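Examination of the molecular architecture
Single-letter residue listing:
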Amino acid sequence: SSGSGDEALRDKRARILSRGLPKQKPIEGVKQVVVVASGKGGVGKSTTAVNLALALAANDSAKEVGLLDADIYGPSIPKMMNLKGNPELTSKNLMRPLKNYGIACMSMGFLIEETAPVVWRGLMVMSAVEKLLRQVDWGQLDYLVIDMPPGTGDVQLSISQNIPIAGAVIVSTPQDVALLDAHKGAEMFRKVHVPVLGLVQNMSVFQCPKCKHETHIFGTDGVRDLAKTLGLDILGDVPLHINIRETCDSGQPVVISQPQSDAAKAYLKIAMEILRRLPVPPA
């Protein structure tokens, strides 16, 4: 009958399509992966990823945390984490992460000259991402934080489809232009079945260091409005503060160098909110 023929055709199509998708395979030794993403560049995503990795470790000193810089074209984790040099290779030809402040880090920035541009086409970028995912000896990690490149392209899709991700954190400023792209980023993760843990409102308010007057340079509560639209939680607000920029530029992130500051407390609160929303990790 035509009904059974249509069903057989649908089954065949589904089988063909499923062949094109890679099977998700966990990263050796890593219990849970948290990705930090933004639809748009320049919203402080890498700064947030670095400080959240440090905040996750600060919440429980028994936990091992790693940080993977998946931004092939613009790796910034080496500078922010004050790390230089080439990774050593194990006997199995795997790269050993470089470590600082107790965080194991891997980045394309360790494999190229600091000022050298990465002028690669898509296939080479995907090959590099695959190496960063599969050819690193992380040891035993409780959490691996991945600093994703901005946008919703090949790298984001490849990572989302290759490895199981416990949750995604979307970073945005309250500015309308940034919010449009953050919305797209959240929807992309939903389409590939990655749970979105919530949004971080970055650069939410600027306080004058002299008179203490507060100014909402990028607008007020735009991320909160987006969270309502998407049915997501706000994990926290991070102020626009010169200390955050200065400490990351000097390779001494604010969570580690100024743990009592308001900025550090904001990241620590967000890390706690992330932990509350993660599934119970495997034993």
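Residues numbered from 1 in each chain as written. Predicted model: local features only at pLDDT ≥ 70, side-chain atom pairs only at ≥ 80, totals over all residues. Heavy atoms only, no water.

Concerning the overall build of the protein
Put simply, the rule is: Only runs of H or I of at least four residues qualify as helices and only runs of E of at least two qualify as strands under DSSP, and these elements are numbered from the N terminus. Where accessible areas are quoted, they stem from the Shrake-Rupley method and a 1.4 Å probe; at the residue level, only the protein chains shown are allowed to cover.
Check the secondary structure of the protein and you find ten helices and nine strands. For the protein, the computed accessible surface area is about 14,500 Å², with 53% contributed by carbon and sulfur atoms.

What about the nonpolar core?
To keep things clear, this is the line we draw: Remark: nonpolar core denotes a set of buried residues (Ala, Val, Leu, Ile, Met, Phe, Trp, Tyr, Cys) joined through side-chain atoms within 4.5 Å. Classification of residues uses two cut-offs on accessible area relative to the type maximum, computed with a 1.4 Å probe and protein chains only: under 20% is buried, over 50% is exposed, and between them is partly exposed. Contacts were defined at the residue level, with two residues in contact if any of their heavy atoms lie within 4.5 Å.
Among the nonpolar cores identified, the biggest contains 83 residues, and Leu67, Trp138, Ile146, Ile159 and Phe189 are the most heavily contacted of them. In this view, phenylalanine 189 contacts Val35, Ala37, Met148, Ser160, Ala168, Ile170, Val194 and Val196; residues no more than four positions away in its chain are not counted.

Concerning the environment of serine 261
Using the following cut-off: Contacts described as polar in this section are N or O atom pairs within 3.5 Å, which, within protein, must combine one atom able to donate a hydrogen with one able to accept it, while residues neighboring in sequence count only if both atoms come from side chains.
Locating serine 261 in the fold gives a position in the loop between helix H9 (254-257) and helix H10 (262-277). Residue classification places serine 261 among the buried residues on the basis of a relative accessible area of 17%. Taking the C-alpha atoms as reference points, serine 261 and asparagine 243, 18 residues apart in sequence, are found 9.1 Å from one another. Of the polar contacts made by the side chain of serine 261, one reaches the backbone oxygen of glutamine 258; its length is 2.7 Å. Polar contacts involving the side chain of serine 261 include one to the main-chain amide nitrogen of alanine 264, which spans 3.2 Å.

Here we look at the environment of glycine 109
Relative to the helices and strands, glycine 109 is located in the loop between strand S4 (103-107) and helix H4 (122-134). Classification of glycine 109 by relative accessible area gives partly exposed; the value is 22%. Taking C-alpha positions, glycine 109 is 8.5 Å from aspartate 69, a pair spaced 40 residues apart along the chain.

Considering the pattern of salt bridges
Filter applied, for reference: One speaks of a salt bridge when a side-chain nitrogen belonging to Lys or Arg is within 4 Å of a carboxyl oxygen belonging to Asp or Glu.
For the coordinates displayed, the defined rule picks out seven salt bridges. The salt bridge involving glutamate 88 is made with arginine 96; its shortest N-O contact spans 3.6 Å. On the basis of relative accessible area, glutamate 88 is assigned to the exposed category, the value being 54%. Its relative accessible area of 39% is what places arginine 96 among the partly exposed residues.

Considerations on the environment of leucine 133
With respect to the helices and strands, leucine 133 occurs in helix H4. Of the residues examined, leucine 133 reaches a relative accessible area of 2% and is grouped as buried. Linking leucine 133 and alanine 70, residues 63 residues apart in sequence, is a C-alpha distance of 9.0 Å. Apart from residues no more than four positions distant in its own chain, leucine 133 is found in contact with Ile27, Leu68, Ile146, Ile159, Asn162 and Ile163.

What about the pairing of strand S2 (residues 65-69)?
To keep it simple, the criterion reads: At least two bridges found by DSSP between two strands are what make those strands a pair.
Buried residues dominate S2, accounting for five of its five residues. Here S2 shows no split at all, with Val65, Leu67 and Asp69 on one side and Gly66 and Leu68 on the other all buried. Sheet topology places S2 next to strand S5 (residues 141-147); five bridges connect them, and they run parallel. The partner of valine 65 across the bridge, within S5, is tyrosine 143. Bridge count between S2 and S4: four bridges; the pairing is parallel. If you follow leucine 68 over to S4, its bridge partner there is methionine 106.

Let's talk about the side chain of threonine 48
Checked against the element boundaries, threonine 48 lands in helix H2 (residues 45-59). Sequence-distant contacts of threonine 48, defined by excluding residues within four places in its chain, comprise Val171, Asn202 and Tyr267.

Some remarks on unusual backbone geometry
Of note in this structure, tyrosine 101 is not a glycine but carries a positive phi near 55°. Checked against the element boundaries, tyrosine 101 lands in the loop between strand S3 (98-100) and S4. Accessibility expressed as a relative area gives 27% for tyrosine 101, which makes it partly exposed. In the Ramachandran plot, histidine 193 falls in the positive-phi region, its phi being about 65° despite a non-glycine side chain. Assignment of secondary structure puts histidine 193 in the loop between helix H6 (176-191) and strand S7 (196-207).

What is shown is where atoms sit, not what they do.
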